[in-house]
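# Descriptive structure summary
One-letter residues, chain by chain:
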Amino acid sequence: MILRNIADFPVSAIGLGAMPMSIEGRPDEAQSIRTIHAALDAGVRLIDTANSYHLLAGEVGHNERLIAKALGSWSGDVASVLVATKGGHLRPGDGTWTQNGDPAYLIAAAKQSAKDLGVDAIGLYYYHRPDPQVPYAESIGALVELLESGVIVRAGISNASIEQINLANELLGGRLAAVQNEFSPRHRSTIDTLRECQRLGIAFLPWSPLGGIGSAKQLGDRHSAFHQVAANHDVSAQQVALAWELALGDRVIPIPGASRPESILDSIKAVDLQLDADELELLGQE
Ligand SMILES: NC(=O)c1ccc[n+]([C@@H]2O[C@H](COP(=O)([O-])OP(=O)(O)OC[C@H]3O[C@@H](n4cnc5c(N)ncnc54)[C@H](OP(=O)(O)O)[C@@H]3O)[C@@H](O)[C@H]2O)c1
């Protein structure tokens, strides 16, 4: 069973991070579509994207349009899939990332994302990364307006502290649906925000849950406890990392990235991997 129901937020317990299909090293479109279809056929019901998942300037929305195309040619029930996107983090095209938390920009960006995704309303929309030039409450005000005008169905925030989580939830009248923060065996300092989301009943989505595009394949080499537990079960260390994250709380939904069907098909098996208390303690201590 791979669905995890979180209030009105029914998604697969493992989502698909679509960023590797649109940034540096991206595969051709046919491989990306095969990867998305493989994930959906295996039961994944959450796809994570952003308007900034593109390579060149002038390609804003590349990943959103790719997902829309893949969903358009998929034979399953598209209405059962939650596509979550984000705004407020930009790629000028020179390999850097910048921020824009201006409310007018966020509102226009969300409307453009809806067009690029081919939807009337976006199922889950995140404010991607706090902009130090704009008071956080003003940027969250854009999410309130987007919710109230029906451009988005659910609001989320990303790269947020405990204080920002509580402020956003208050400004949204208790309707903050999801928090997406970096969390993995190598990046554990955000565990406080995972626990706060668990306490508040808000979904927590670890991004780069395998350590990031450049490190994911070496997870077992870099983290011996994950290698050891993987050997015990004869599975990949990546599956162990995802199963460990899932065991941290029933609100946790890791979104491992993939650009190949094999990666997401291996990752999704984490949902059925049972780790015992001794193993979880070992992984937690590393
Ligand atoms: N909110 C934010 O600020 C933010 C920042 C970064 C990322 N994200 C989101 O989080 C998602 C995940 O993060 P990420 O893609 O940066 O890093 P990641 O999930 O830690 O690692 C992705 C890489 O892991 C490989 N992989 C996946 N499953 C595997 C498995 N079972 N065995 C071996 N290798 C496996 C994939 O390889 P292949 O490419 O070969 O398939 C992929 O390149 C992104 O796609 C994006 O949607 C959000």
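Just so you know, these numbers come straight off a predicted model, no measurement behind them.

### Thoughts on the site of the ligand
The local shell around the ligand holds 30 residues, among which D48, K217, G257, S259 and S263 are the closest. At 2.8 Å, a side-chain N or O of D266 approaches a nitrogen atom of the ligand. Against a free-state accessible area of 900 Å², the protein chains account for coverage of 93% of the ligand. Considering each element in turn, the shell around the ligand owes the most residues, three residues, to helix α10 (residues 261–267). In terms of residue class, the shell around the ligand is built from twelve nonpolar, 13 polar and five charged.

### Describing the packing of aromatic side chains
Counted under the stated rule, the structure contains four aromatic pairs. Centre to centre, the rings of Y53 and W97 are 6.5 Å apart; their planes meet at 85°, and the pair counts as edge-to-face. Here the residue Y53 occupies a position in the loop between β4 (46–48) and α2 (62–72), and W97 occupies one in the loop between β6 (89–90) and β7 (98–99), the gap between them amounting to 44 residues. The class for W97 is partly exposed, based on a relative accessible area of 31%.

Cut-offs used in this document
- Residues numbered from 1 in each chain as written.
- Predicted model: local features only at pLDDT ≥ 70, side-chain atom pairs only at ≥ 80, totals over all residues.
- Heavy atoms only, no water.
- Near = heavy atom within 4 Å.
- Polar contact = N/O pair within 3.5 Å; in protein donor to acceptor, adjacent residues only side chain to side chain.
- Areas by Shrake-Rupley, 256 points an atom, 1.4 Å probe, with all protein chains shown as cover.
- Helix = DSSP H or I, 4+ residues; strand = E, 2+ residues; numbered from the N terminus.
- Nonpolar A, V, L, I, M, F, W, Y, C, P; charged D, E, K, R; others polar.
- Phe/Tyr/Trp six-rings, centres within 6.5 Å; stacked < 30°, edge-to-face > 60°.
- Buried < 20%, exposed > 50% of the residue type's maximum accessible area, 1.4 Å probe, protein only.

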